[in-house]
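Coordinate analysis (summary)
Below are the chains, spelled out letter by letter.
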Amino acid sequence: SLENKRPSDAQILAQARARSKSRGRLSMTTTDDFKFGTTLGEGSYSTVQKATHVITGQPYAIKILEKSHLIRNNKMHTAIAERNALAALGAGHPGIVRLHSTFQDEWRLYFVLDFARNGEMKTILNKIGSLSLPCARYYAAQLVDTIDYMHSKGVIHRDLKPENLLLDDSYRTKICDFGTGKVLETGVDRAQTWVGTAQYIAPELLEAKETSKSSDFWALGCIIYQFIAGRFAFQGLSDFLTWQKIKKLEYTFPEGFDNEAKDLIQKLLVREPTERLGVGSPGSENDIDALKGHSFFKPISWDKLWVDPPPPLE
Ligand code: ADE
């Protein structure tokens, strides 16, 4: 089984230590290189703290993972998966929180990440309810462009949601938290199942035992719906009841919902994973260009998406 092929936590740590050592003490980063500030976020296995590099004054977000906690819960592989996903993505796209370096001490693992000054999209949504149509379109487009890049590098995120969309200095969005990410082996478009956050889980994850790039497109549909409607597409009184609704594709659009957006969402929230808009292999009539070419995105200039200023947040 996969369990048996995975290296033990002890092996993983020994390898990481050996790598650190081989790089030499002189070049090693430690916590002393940073002045730590406020807590930016907290997850089950990590906290993210603002930190300023003492020499350069450059702000970062440092994700801190407690080794003993990871080992106790058999989660060391998730830390490694996140590091691998971030490493595979490199510095190649403005829509992804970049990993600058990693280091560790006796107790913890540290990921030095881009600091996104304007926080989570979730906070914005909580504050203003829903986004204006130009905003929803702009952020949906940035998300599409980033997912395209991510998938081209063989990375699936598997937990896309407004909490994991951060806003930088210029209010452009950056995807973060690849803790549930998966780097696909070349040629293999399948990955083991992981269950994400209730409201954004694709139906195949609730039934079958695998996930693929198409699950990110389901989440995209849920997110665009939420941007515009100001509420979840699927919401029951419990996670179980939410999952029932997802499996039955039970959702409705509020009165006056933009027609182009509605058409787009209906082409993303499709039960059959391979039939979701954007999922087809390059050159097919259902590939990423078909998604980018959808009429909802007509006002978007894709080649200036990361250069043009965003519409005012409202
Ligand atoms: N919260 C979680 N990650 C963050 C980051 N990279 N920048 C700002 N806030 C965050």
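The structure presented is a predicted model; accordingly, all values stated were derived computationally and were not measured.

The helix and strand inventory of the protein stands at eleven helices and eleven strands. In the protein, which comprises 314 residues, the share counted as buried stands at 45%. Summed over all atoms, the accessible surface of the protein reaches about 15,800 Å², with 50% contributed by carbon and sulfur.

Along the chain, Ile 64 falls in strand β3 (residues 59–66). Accessibility expressed as a relative area gives 10% for Ile 64, which makes it buried. Spatially, the C-alpha atoms of Ile 64 and Phe 111 are 6.6 Å apart, while their sequence positions differ by 47 residues. With near-sequence residues (within four places) excluded, Ile 64 lies in contact with Phe 36, Tyr 45, Ser 46, Thr 47, Gln 49, Arg 108, Leu 109 and Tyr 110.

A few words now on empty space enclosed by the protein. Using a probe with the size of a water molecule, rolled over the atoms, empty space left in the structure can be pinpointed. For the structure on display, the rule yields two cavities of 30 Å³ or more. Taken as a whole, the second largest cavity spans an internal volume of roughly 80 Å³. The greatest single-element share of the lining of the second largest cavity, amounting to three residues, is contributed by helix α8 (residues 213–229).

In terms of nonpolar packing, the biggest core is built from 73 residues, with Met 121, Phe 178, Leu 220, Phe 227, Leu 291 and Phe 297 touching the most fellow members. Ranked by residues supplied to this core, first place goes to helix α6 (residues 133–152) with eleven residues. In contact with Phe 227, other than residues within four places in its own chain, are Met 121, Leu 125, Ser 130, Leu 131, Ala 136, Tyr 139, Ala 140 and Leu 165. Ranked by size, the runner-up nonpolar core spans eight residues in total, among them Ile 62, Ile 64, Phe 103 and Tyr 110.

Under the counting rule described, the total for this entry stands at 15 aromatic pairs. A ring pair is formed by Tyr 225 and Phe 253, whose centres lie 5.8 Å apart and whose planes are at 45 degrees; its orientation type is tilted. Of this pair, Tyr 225 sits in helix α8 while Phe 253 is found in the loop between α9 (239–247) and α10 (259–268), placing the two residues 28 residues apart along the sequence. Of the two residues examined, Tyr 225 and Phe 253, each falls in the buried class.

Lining the immediate surroundings of the ligand are Leu 40, Val 48, Ala 61, Asp 114, Phe 115, Ala 116 and Leu 166. Within the backbone of Asp 114, an N or O atom sits 2.8 Å from a nitrogen atom of the ligand. Note that a nitrogen atom of the ligand is positioned 2.9 Å from one of the backbone N or O atoms of Ala 116. If the ligand stood free it would expose 260 Å²; the protein chains cover 92% of that surface. Taken together, the residues that form the shell around the ligand break down as six nonpolar, no polar and one charged.

Here we take up the side chain of Ser 215. You can see Ser 215 is positioned in helix α8. Accessibility expressed as a relative area gives 6% for Ser 215, which makes it buried.

A few words now on α8. If you check α8, its first and last C-alpha atoms are 25 Å apart, about what 17 residues at 1.5 Å a residue would give, namely 24 Å. Burial within α8 is extensive, with 15 of its 17 residues counted as buried. Downstream of α8 by a residue or two, Gly 230 has a phi angle that is positive, lying close to 75 degrees.

This part takes up the packing of α8 against α10. In the contact formed by α8 and α10, the axes pass within 8 Å of each other and the chain directions differ by 150 degrees. Taken together, the axes of α8 and α10 lie roughly antiparallel to each other. As for the relative orientation of α8 and α10, their crossing is left-handed in sense. On α10, the residues touching Phe 217, Trp 218, Leu 220, Gly 221, Ile 224, Tyr 225 and Ile 228 of α8 are Ala 261, Leu 264, Ile 265 and Leu 268.

Inspection of α10 places Ala 261, Leu 264, Ile 265 and Leu 268 among the buried residues, and these make up the whole buried set. Angular distribution of buried residues about the axis of α10 spans 95 degrees; they occupy a single face of the element. Residues of α10 that are buried make contact with α8 and α11 (288–292). Capping of α10 at its N-terminal end is provided by Asp 258; its side-chain oxygen lies 3.2 Å from the backbone amide nitrogen of Glu 260.

Let's shift gears to the sheet that holds strand β5 (residues 108–114). In a beta sheet, neighbouring strands are held together by backbone hydrogen bonds and run either parallel or antiparallel to one another. Spatially, β1-β2-β3-β5-β4 is the arrangement adopted by the five strands of the open sheet, whose pairing is antiparallel. Whereas interior strands pair on both sides, the edge strands pair on one side only; in this sheet they are β1 (34–42) and β4 (99–104). Mean inter-strand twist for the sheet, computed between neighbouring axes without regard to direction, equals 25 degrees. Across six bridges, the pairing between β1 and strand β2 (residues 47–53) is antiparallel. Residue pairing for β2: Glu 42 is matched across the bridge by Thr 47.

Residue placement: Cys 222 occurs in helix α8. Distance from Cys 222 to Ala 261, taken between C-alpha atoms, is 12 Å for residues 39 residues apart in sequence. Setting aside residues no more than four positions away along its own chain, Cys 222 makes contact with Gln 199, Tyr 200, Phe 234 and Leu 269.

Scoring rules and cut-offs
Residues numbered from 1 in each chain as written. Predicted model: local features only at pLDDT ≥ 70, side-chain atom pairs only at ≥ 80, totals over all residues. Heavy atoms only, no water. Helix = DSSP H or I, 4+ residues; strand = E, 2+ residues; numbered from the N terminus. Buried < 20%, exposed > 50% of the residue type's maximum accessible area, 1.4 Å probe, protein only. Areas by Shrake-Rupley, 256 points an atom, 1.4 Å probe, with all protein chains shown as cover. Contact = heavy atoms within 4.5 Å. 1 Å grid on protein atoms, 1.4 Å probe; cavity = no way out; pocket = protein on both sides within 12 Å on 5 of 7 lines; lining within 4 Å. Points joined across faces, edges and corners; volume = space filled by probe spheres on them. Core = buried A, V, L, I, M, F, W, Y, C linked by side-chain atoms within 4.5 Å. Phe/Tyr/Trp six-rings, centres within 6.5 Å; stacked < 30°, edge-to-face > 60°. Near = heavy atom within 4 Å. Polar contact = N/O pair within 3.5 Å; in protein donor to acceptor, adjacent residues only side chain to side chain. Nonpolar A, V, L, I, M, F, W, Y, C, P; charged D, E, K, R; others polar. Expected span 1.5 Å × (residues − 1). Axes fitted to C-alpha atoms, helices over the stretch in contact; angles between N-to-C directions. Parallel < 35°, antiparallel > 145°, perpendicular 65-115°, else oblique. Left-handed = near helix turned anticlockwise from the far one by under 90°. Arc of directions from axis to C-beta. Pairing = 2+ DSSP bridges.

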